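Inside the fold
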Amino acid sequence: MKRLIFDTHAHYTSGAFNQNREMLLDSLPADGVAGVVNCGTDLVSSMESVALAEKYDWIYAAAGIHPESLIEEDSSTTMRFGGDWVAEMAAIEPLYQHPKVMAVGECGLDHHWPVPRDAQLQLFEAEICTALAHDLPLIVHDREAHAETYALLKKHKPKAVLHAYSGSAEDVKWLCKQGVYIGFTGVVTFKNAVKPLEAAAAVPLEYLLLETDCPYMAPEPYRGKKSNSGMIQYTAARIAELRGMETETLLQQTLENARRFYNIN
Ligand SMILES: [Zn+2]
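Presented here is an overview of the structure given in this document. (Residues numbered from 1 in each chain as written. Predicted model: local features only at pLDDT ≥ 70, side-chain atom pairs only at ≥ 80, totals over all residues. Heavy atoms only, no water.)

Comments concerning the side chain of Thr8
Selection rule: By definition, any uninterrupted DSSP run of H or I lasting at least four residues is a helix, any uninterrupted run of E lasting at least two residues is a strand, and each is numbered from the N terminus. For the exposure calls, accessible area comes from a 1.4 Å probe over protein chains only, and a residue counts as buried if that area is under 20% of its type's maximum, exposed if over 50%, partly exposed in between. Whenever two N or O atoms come within 3.5 Å, that pair is a polar contact, provided that in protein one can donate a hydrogen and the other can accept it, and provided that, for residues adjacent in sequence, both atoms are side-chain atoms. Here a residue-residue contact requires only that any non-hydrogen atoms of the pair lie within 4.5 Å.
Assignment of secondary structure puts Thr8 in strand β1 (residues 5-10). Classification of Thr8 by relative accessible area gives buried; the value is 3%. Among the polar contacts listed, one links the side chain of Thr8 to the backbone oxygen of Leu210, at a separation of 2.8 Å. Here Thr8 is in contact with Val37, Leu209, Leu210, Glu211, Ala258 and Tyr262, once residues within four sequence places are set aside.

Describing the packing of aromatic side chains
Given two aromatic rings, their pairing is described by the distance between the two centres and the angle made by the two planes. Just so we agree on the cut-off: Within 6.5 Å between ring centres, the rings of Phe, Tyr and Trp (the latter by its six-membered ring) count as paired, and their orientation is classed by plane angle as stacked under 30 degrees, edge-to-face over 60, tilted in between.
Inspection of every chain in the model, using the stated rule, returns nine aromatic pairs. With centroids separated by 5.6 Å and ring planes inclined at 65 degrees, the aromatic side chains of Tyr56 and Trp58 adopt a geometry described as edge-to-face. Each of the two residues, Tyr56 as well as Trp58, counts as buried. Taken together, a centroid distance of 6.3 Å and an interplanar angle of 75 degrees make the contact between Tyr165 and Phe184 edge-to-face. Of this pair, Tyr165 sits in the loop between β6 (160-162) and α7 (169-177) while Phe184 sits in strand β7 (residues 181-184), and the two are 19 residues apart along the sequence. You'll find Tyr165 and Phe184 in the same group, each marked buried. Connected via pairs of aromatic rings, a cluster forms that spans Phe6, Tyr181, Tyr207, Phe261 and Tyr262.

Some words on the coordination of the zinc ion
For the record, the criterion: Distances up to 2.8 Å from the metal define which N, O and S atoms are donors, and 3.2 Å serves for Na, K and Ca; water is absent from the atom set, so sites may look incomplete. Here the metal geometry follows the donor angles, with tetrahedral for four donors whose angles all fall between 85 and 135 degrees, square planar for four and octahedral for six when opposite donors are more than 155 degrees apart and every other angle is between 65 and 115, and irregular for all the rest.
Distances from the zinc ion to its protein donors, His9 (NE2), His11 (NE2), Glu106 (OE) and Asp213 (OD), fall within 2.1 to 2.4 Å. Viewed at the metal, the four donor atoms of the zinc ion are separated by angles of 88 to 179 degrees, and the geometry they form is irregular. Mapping the donors of the zinc ion onto the primary sequence gives the spacing H-x1-H-x94-E-x106-D. Note that His11 is positioned in the loop between β1 and α1 (21-27) and Asp213 in the loop between β8 (208-210) and α9 (232-243), a separation of 202 residues in sequence. Both residues of the pair, His11 and Asp213, belong to the buried class.

Observations concerning the pairing of β1
Heads up, the rule is: The pairing criterion for strands is at least two bridges between them, as found by DSSP. Whether a crossover is right-handed comes down to one check: with the strands pointing away from the viewer, does the path from the first strand over the helix to the second run clockwise; if it does, it is right-handed.
With six of its six residues buried, β1 lies for the most part within the structure. Alignment of β1 against strand β2 (residues 33-39), held across four bridges, turns out to be parallel. Looking across to β2, one finds that Phe6 is bridged to Gly35. Following the backbone out of β1, through α1 and into the adjacent parallel β2, one traces a crossover that is right-handed.

Set out below in structure tokens:
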């Protein structure tokens, strides 16, 4: 299969892949996967992402702290740093010098889970400033926090992707005008997907990115199962159908977008 899939947001360091990580990753190029950015969610997973990127030439890493890590019992943010994210960001900082660390993230805001508001706002703003300081793109998680997320994106104007986009088609317009890329998961293939499809139709083609957020968000016909980057073909087929284009053309375009966004030649 022609290698046209670029998974812009994956978590292969997740424990969900402990049984078969190596076998699965070895199989992906034959399934059409040309590139993957593996996102960190705390210091440990960021370091593990770098280790994966060192092992596979087509895997790249992002390093950062996810807002949920502030309250997750088994995150290094909690276990090793006792919630002191300033100290953890300082420990992550050297990773941004690594040639295969292409972005800051995954970071952002989450009002779905009871993450303390002030702490996550301060952490997110610090990570935006880190991205600007290193001239790196930013991978943004926005769950039920559109207003505050958008306010910070407007204030600092980082080069960013809103991953697993859950906002409106209306907001897509100014976001892309400001240079924000929009990422879509397998959710667009779900039967009840309305809002994500409206958004996917509204994004200017050059700002469209595809992702798995694996192990989550598997597209139909794999909904509810563990996802992997090869399944992006189903996500791409749905969006291509929606936009009245060939799947291969969409994959080619989103591959170019991903390389441009992450500065991968
Ligand atoms: Zn994620």
